[in-house]
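These are the residues of each chain, in order.
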Amino acid sequence: MENAFKPRCCGIWNVLSKEQLNFAEIINELIDNARAAAATRITVHLVQTDTDEFSLEVTDDGYGMAREDFDQIFSVGALRGALAYKRCGMGLKVALANADPENLSWEIRTKTTNGECSYIGAPYAEQMAFESLNPKELKSLRRSGTIISSMLSRSVFERGLEGTESDEERIAMLVEILRVTYAPLLPKEQQEEEDSHLSIQLLWTPLLGQKQAIDLTALSPIWAQQNVGYDRANIVKHDSEVYAQYTFGKINPMPENWRFYRGDRKSAGLMVYLHGRLVQYGIFSEIWNCENPRQNDFLFVVNLDGVVTKLPLCNGGKTQLKIEDTTVHDFLRWVQQTCPEPLKG
C-alpha cells in the first residue's frame with residue numbers, strides 16, 4: 001500500500017486507554033506534544049456536539065510531523081523533542097487512546113516547515129497509511145503546525161473534574177489547572193503576550209450558547225512571606241548541569257480556587273516544575289517528616305531546568321516524580337536542606 005507504515009507494538013491501544021488519564025491530563029499531553037515540536041502558540045478548542053458528546057481539537061504552530069517520522073512517532077517509546085518530562089515517549093499515544101478508547105475518531109493533520117501536508121487518523125492498526133493534503137486544506141496553519149482532533153464522551157470530559165456541578169464549572173476548573181500547569185511559561189496578567197514563552201487559548205462552545213475565547217495567563221501564588229533563590233550547583237549530587245529557580249514561604253490562601261493555593265493540606269508543600277511544566281504538587285510529609293496540618297499556607301515552588309538526562313524522572317502521565325529514581329531522592333534532599341523547617345516563621 002502506498003504511503004503505508006507499520007507501527008511497532010500496534011496492538012496495545014486497549015492497554016494505553018486503560019491508563020485512565022483525566023481530561024486535563026489528556027490536554028496537557030497534547031500541549032506537551034506541541035511544545036516538543038517547538039510550538040509557541042497553541043489553541044485548544046472544545047465543542048459540545050450533543051448532550052453527552054464533545055469534540056476536541058488542539059492546534060499548534062510547531063514544526064509539524066515529517067512523513068518519514070510517522071513510523072517512529074506512532075510506535076511505542078518514540079521521543080519527540082528534548083523536554084525532560086517527555087522522556088518516556090508514550091504521551092501522544094496515551095492521550096489519543098484515552099480520548100478515543102474505541103479507536104474510531106482521532107485525526108492528525110500536519111504541515112512541516114518545507115510545506116509538506118499530511119493526514120493520518122483512526123484506527124491505530126497493524127498497518128497504517130497517511131494521505132497527502134493540499135496546503136489549501138490547512139489554511140489555518142501558516143508556516144507549519146499540527147492539528148490533533150478527536151471526539152470525546154461525557155465520561156472522558158468529566159474525568160478528573162469531580163466536585164463540579166455544571167459544564168461551566170468544569171471549564172473553570174480546567175482553566176485553573178492549565179494556568180497553573182504552565183504558569184512559568186504563560187504571560188502574567190497585564191503582560192504582553194510577546195514577552196512570554198507560550199500562548200495558550202482555550203475556545204469553549206457549549207451546546208446551547210456562544211463560543212467563549214479564554215487567553216490563558218499564569219496563575220501564581222500570592223506570597224505573604226517569601227524566600228527567592230537560584231541554585232545551579234547543588235541540586236543533584238553537585239551537578240552543575242541541573243539548576244533551579246525557587247520560591248518558598250507563606251502564601252495568602254485562595255479558598256475560592258478549585259485545586260491550587262487554597263492554603264489546605266492538599267495544595268500545600270512542594271510544587272515541582274520541569275522546564276516550566278508542573279509534574280507534581282502537594283508533597284510535604286515525604287520531605288519534612290512531620291504532619292501536614294489541615295490548614296497549611298506553606299508553599300515551595302521550584303522550576304528545574306538543565307540537561308534533560310540529568311533531571312529527576314517523572315511517571316508516564318507526568319503527574320508525579322518517580323520516587324524510586326535516585327535523582328529524585330537527591331532532589332528531595334536538596335529541598336529539605338534548602339528549607340529545613342517549613343512551618344516556622
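See above for the structure.
The rules we used
- Residues numbered from 1 in each chain as written.
- Predicted model: local features only at pLDDT ≥ 70, side-chain atom pairs only at ≥ 80, totals over all residues.
- Heavy atoms only, no water.
- Pairing = 2+ DSSP bridges.
- Helix = DSSP H or I, 4+ residues; strand = E, 2+ residues; numbered from the N terminus.
- Axes fitted to C-alpha atoms, helices over the stretch in contact; angles between N-to-C directions.
- Contact = heavy atoms within 4.5 Å.
- Phe/Tyr/Trp six-rings, centres within 6.5 Å; stacked < 30°, edge-to-face > 60°.
- Buried < 20%, exposed > 50% of the residue type's maximum accessible area, 1.4 Å probe, protein only.
- Expected span 1.5 Å × (residues − 1).
- Parallel < 35°, antiparallel > 145°, perpendicular 65-115°, else oblique.
- Left-handed = near helix turned anticlockwise from the far one by under 90°.
- Nonpolar A, V, L, I, M, F, W, Y, C, P; charged D, E, K, R; others polar.
- 1 Å grid on protein atoms, 1.4 Å probe; cavity = no way out; pocket = protein on both sides within 12 Å on 5 of 7 lines; lining within 4 Å.
- Points joined across faces, edges and corners; volume = space filled by probe spheres on them.

**Here we look at the sheet that holds strand β11 (residues 223-231)**
Stage number 1. Taken in spatial order, the five strands of this open sheet run β11-β12-β15-β13-β14, and their pairing is mixed. The sheet terminates laterally at β11 and β14 (277-283), the two strands that pair on one side only. The mean angle between the axes of side-by-side strands here comes to 15 degrees, regardless of whether they run parallel or antiparallel.
Stage number 2. For β11 and strand β12 (residues 242-251), the ladder comprises eight bridges, and the chain directions are antiparallel. Among the inter-strand pairings, Val228 is bridged to a residue of β12, identified as Thr247.
Stage number 3. Each of β11, β12, β13 (269-274) and β15 (298-306) touches helix α8 (residues 326-338); the most contacted strand, β15, lies at about 130 degrees to it.

**Remarks on the sheet that holds strand β9 (residues 199-205)**
Stage number 1. Reading across from one edge, β7-β5-β4-β8-β3-β2-β9-β10 is the order of the eight strands in this open sheet, with mixed pairing throughout. Where the open sheet ends on each side, the last strands, each with one partner, are β7 (131-132) and β10 (212-215).
Stage number 2. The pairing of strand β4 (residues 107-111) with strand β8 (residues 145-153) spans five bridges and is antiparallel. Each residue of the ladder has a partner; that of Lys111, found in β8, is Gly145.
Stage number 3. Sheet strands in contact with helix α4 (residues 91-99) are β4 and β8, and its direction is about 35 degrees off that of β8.

**A word on the packing of aromatic side chains**
Stage number 1. As enumerated under the stated definition, the model contains 18 aromatic pairs in all.
Stage number 2. Considering the side-chain rings of Phe23 and Phe157, the 5.4 Å spacing of their centres and the 75 degrees angle between planes classify their relative orientation as edge-to-face. Within this pair, whereas Phe23 is found in helix α2 (residues 23-36), its partner Phe157 is found in helix α5 (residues 154-158), the two being separated by 134 residues in sequence.
Stage number 3. Taking the relative accessible area as the measure of exposure, Phe157 reaches 0% and is therefore buried.
Stage number 4. Judged by centre distance (5.8 Å) and plane angle (40 degrees), the rings of Tyr230 and Tyr243 are tilted. Pair noted here: Tyr230 is in strand β11 and Tyr243 is in strand β12, with a separation of 13 residues, a long-range link.
Stage number 5. By relative accessible area, which is 48% here, Tyr230 ends up partly exposed.
Stage number 6. Taking the relative accessible area as the measure of exposure, Tyr243 reaches 22% and is therefore partly exposed.

**Topic: helix α6 (residues 167-181)**
Stage number 1. Taking 1.5 Å per residue as the helical rise, α6 with its 15 residues ought to reach 21 Å, and the 21 Å between its terminal C-alpha atoms agrees with that figure.
Stage number 2. Within α6 the residues assigned to the buried category are Asp167, Arg170, Ile171, Met173, Leu174, Val175, Glu176, Ile177, Leu178, Arg179, Val180 and Thr181.

**A closer look at the packing of α2 against α6**
Helix packing geometry: the angle between the two helix axes and the distance between the axes.
Stage number 1. It is the contact of α2 with α6, at a shortest axis distance of 10 Å, that shows an interaxial angle of 40 degrees. One element, α2, and the other, α6, form an angle in the oblique class. Helix-helix and strand crossings are classified by hand; for α2 and α6 the assignment is right-handed. Contact residues: α2 offers Phe23, Ala24, Ile27, Asn28 and Ile31, while α6 offers Leu174, Ile177, Leu178 and Thr181.
Stage number 2. When its residues are assigned to classes, the contact of α2 with α6 shows seven nonpolar, two polar and no charged.

**Overview of empty space enclosed by the protein**
Stage number 1. Applying the stated rule across the entire model yields two cavities of 30 Å³ or more.
Stage number 2. There is about 40 Å³ of room inside the second largest cavity.
Stage number 3. Looking at the second largest cavity, the residues that line it are Leu30, Leu56, Ala95, Leu96, Ala99, Ile148, Ser149 and Ser150.
Stage number 4. Of the residues contributing to the lining of the second largest cavity, the split by class is six nonpolar, two polar and no charged.

Don't take any of this as a statement about function, it's just geometry.
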